[in-house]
Amino acid sequence: MTDAATASRTMLLDLDRTAWSETACGAFGFLTETLPVIKPCAGIVGETRIFGKPAPLAGLAVDQQAALFAESCLLPGDAKCTYGTGAFLLATAGRSPRRSDAGLAASVAWLLADETTYCLDGQVYTAGAAISWLADLGLIRDATSLDRVGGAVPSSGGVTFVPGLAGIAAPFWKPSARGSFTGLTLATTRAHLVRAVIEGIAAEVTWLARAAAEDLGQPLRQLRVDGGLTRSRVLLQIQADLLQAPVEVYHSRNATALGVAALARLGMGAAATPAAAIGSRAPAATFEPSISADEAEERLHRWRKAAEATVELHD
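Bear in mind the structure is a predicted one, so any value in this text is a computation, not a measurement.

Of all the ten residues making up strand E10 (residues 115-124), nine are buried; the element is thus mostly covered by neighbouring parts of the structure. Relative to E10, strand E8 (residues 87-94) runs antiparallel, the two sharing seven bridges. Considered in E10, the bridge of Leu90 is made with Asp121. Two elements, strand E9 (residues 105-112) and E10, share seven bridges in a ladder whose sense is antiparallel. Bridge assignment links Trp110 to a residue of E10, and that residue is Thr117. Connecting E9 to the next strand, E10, in antiparallel fashion are two residues, including Ala113 with a positive phi near 55°.

Below, the structure is given as structure tokens:
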């Protein structure tokens, strides 16, 4: 068996019916009867004896949707971004499946009993991986020195970084693209390069947020964030600046595990509603925009121009 959220990431699910698609399975050469039974994300699906006495198993979800649930993104327009090896922005879309016109993936967020909630999904392939790359080059010692080096200058000095080190995902979907630095001068320092990488990650996430807002027909009210890179105050402040919206830091580094645990609580009857199963969502910190909308727009369009040039060069 599998859950509806995980099944929706296979490209084989009929989103309207939350069932395997005969058409998609046929295109890929699968028989629907050979695929797992699709189960709700909350509910008892079996039992285990690994802890001694039989214990029920409940709570099934794919990782990013589990984090979306943990961060209480329950209403259309609620969104979160997980900054790990990559960065993954998901926005809740409501009870009707949305096909993105802005280059995002459409997925099931969760299935509770017979009620499906959908989400839109965009990815930055290299976020934490780009920071590790900086360390490999000797530009920083490790992720803990990111703010010390990148925060030593107030801006990137006109340098723009496109984090296409493993190709560029949404909304371009160009796996052949490459990363790039532009705007280099003899005055460019190590600190400028590091800050440009931070700004490049935040800029691509912002364009994902804009794509979600375009599909949903409303701007994102705030962005809830989790993952290892949320330890970088420089990154989170730049993210709020470019988004022109508050960035709320999740209180735990284990959003995915806590999301599955909340689904299990719901499925076991230990909570009556998703909000009760999740519990408090008070952020550990909130970052507010500190620059004007005009300045944010100028930075974003400079990054977009560099990204489009990179995509065109490697198309």
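Moving on from the coordinates now.
Right, let's talk about the side chain of Thr82 for a bit. Position of Thr82 relative to the elements: it lies in strand E7 (residues 79-83). By relative accessible area, Thr82 is classed as buried at 11%. Side chain to side chain, Thr82 and Gln64 meet in a polar contact 3.3 Å long. Reaching out from Thr82, the side chain makes a polar contact with the side chain of Lys80 at a distance of 2.7 Å. Contacts of Thr82, omitting those with residues within four sequence positions, involve Gln64, Ala67, Ala87, Phe88, Asp226 and Gly227.

For the rest of this paragraph, the subject is the packing of helix H4 (residues 128-137) against helix H6 (residues 190-216). In the contact formed by H4 and H6, the axes pass within 10 Å of each other and the chain directions differ by 170°. As the angle between them shows, H4 and H6 are arranged roughly antiparallel. Along its contact with H4, which presents Ala130, Ile131 and Leu134, the element H6 presents Val194, Val197 and Ile201. Broken down by class, the residue content of the contact of H4 with H6 amounts to six nonpolar, no polar and no charged.

Our next topic: the sheet that holds E7. Strand order in the open sheet made by the seven strands is E9-E10-E8-E7-E13-E14-E15, with mixed pairing throughout. Edge positions in the sheet fall to E9 and strand E15 (285-287), since each has one partner strand and no second. Each strand of the sheet is rotated relative to its neighbour by a mean of 25°, with strand direction disregarded. When strand E13 (residues 223-226) meets strand E14 (residues 247-249), the two strands line up parallel, connected through three bridges. Its bridge partner lying in E14, Arg224 is registered against Glu248. Set on the sheet, helix H3 (residues 63-70) makes contact with E7, E8, E9, E10 and E13; between it and E9 the angle comes to about 60°.

Now for the packing of H6 against helix H10 (residues 293-313). At a minimum axis distance of 10 Å, the contact between H6 and H10 shows a crossing angle of 95°. In terms of their interaxial angle, H6 and H10 are classed as roughly perpendicular. Together, Glu199, Gly200, Ala203, Glu204, Thr206, Trp207 and Arg210 of H6 and Glu297, Arg299, Leu300, His301, Trp303 and Arg304 of H10 make up the contact between the two elements. Each residue belonging to the contact of H6 with H10 can be placed in one class, and the counts come to four nonpolar, three polar and six charged.

With that settled, the discussion passes to the nonpolar core. Generally speaking, nonpolar side chains in soluble globular proteins are found buried as a group. Of all hydrophobic cores here, the largest spans 75 residues; its most connected members are Tyr83 and Leu223. It is H6 that provides the largest number of residues to this core, a total of 16 residues. When sequence neighbours within four positions are dropped, the list of residues in contact with Leu223 reads Ala79, Lys80, Cys81, Tyr83, Leu89, Val205, Gln239, Leu243, Pro246, Val247 and Glu248. Residues Ala5, Val62, Leu112 and Leu263 belong to the second largest nonpolar core, which totals 18 residues.

Summed over the entire model, instances satisfying the criterion amount to four aromatic pairs. Note on Trp133 and Phe181: the rings are 6.3 Å apart at their centroids and 25° apart in plane angle, and the pair reads as stacked. On the criterion of sequence distance, the pair formed by Trp133 in helix H4 and Phe181 in strand E12 (residues 180-182) is long-range, its members being 48 residues apart. Owing to a relative accessible area of 27%, Trp133 belongs among the partly exposed residues under this scheme. By relative accessible area, Phe181 is classed as partly exposed at 26%. Centre to centre, the rings of Phe161 and Phe181 are 4.8 Å apart; their planes meet at 40°, and the pair counts as tilted. Pair noted here: Phe161 is in strand E11 (residues 160-162) and Phe181 is in strand E12, with a separation of 20 residues, a long-range link. Among the aromatic residues, those joined into a cluster by ring pairs are Trp133, Phe161 and Phe181. Its end group placed over the ring of Trp207, Arg210 keeps NZ or CZ at 5.2 Å from the ring centre. Taking the ring centre of Trp207 as reference, the NZ or CZ of Arg304 above it sits at 4.6 Å.

Parameters and conventions
- Along each chain, the written sequence defines residue order, and numbers are assigned to residues from 1.
- Given that this is a predicted model, residues contribute local features only at a pLDDT of at least 70 and side-chain atom pairs are listed and counted only at 80 or more, while totals for whole chains, interfaces and linings are drawn from all residues.
- To get the side-chain values, take all heavy atoms of the structure and skip hydrogens and water.
- Each residue's exposure class comes from its accessible area (1.4 Å probe, protein chains only) as a fraction of the maximum for that residue type: buried when under 20%, exposed when over 50%, partly exposed otherwise.
- Here a strand is any run of E in DSSP of at least two residues, a helix any run of H or I of at least four, and the numbering for each starts at the N terminus.
- Criterion used throughout: strands pair if DSSP finds at least two bridges between them.
- Between N or O atoms, a polar contact is any pair within 3.5 Å; within protein, one atom must be a potential hydrogen donor and the other a potential acceptor, and residues adjacent in sequence are included only when both atoms are from side chains.
- Residue contacts are defined here by distance: any two heavy atoms, one from each residue, within 4.5 Å place the two residues in contact.
- Axis definition: a line fitted to C-alpha atoms, limited for helices to the stretch in contact. Angles are taken between N-to-C directions and run from 0 to 180 degrees.
- Orientation is classified from the angle alone, with under 35 degrees giving roughly parallel, over 145 giving roughly antiparallel, 65 to 115 giving roughly perpendicular, and any other angle giving oblique.
- Polar here means any residue other than Ala, Val, Leu, Ile, Met, Phe, Trp, Tyr, Cys and Pro, which are nonpolar, and Asp, Glu, Lys and Arg, which are charged; Gly is therefore polar.
- By convention a nonpolar core is built from buried Ala, Val, Leu, Ile, Met, Phe, Trp, Tyr and Cys residues, the set being connected through side-chain atoms within 4.5 Å.
- Only Phe, Tyr and Trp rings are paired, with Trp represented by its six-membered ring, and only when their centres lie within 6.5 Å; those with planes under 30 degrees apart are stacked, over 60 edge-to-face, the remainder tilted.
- A ring is scored as having a charge over it whenever the NZ atom of a lysine or the CZ atom of an arginine sits within 6 Å of its centre and within 35 degrees of its normal.

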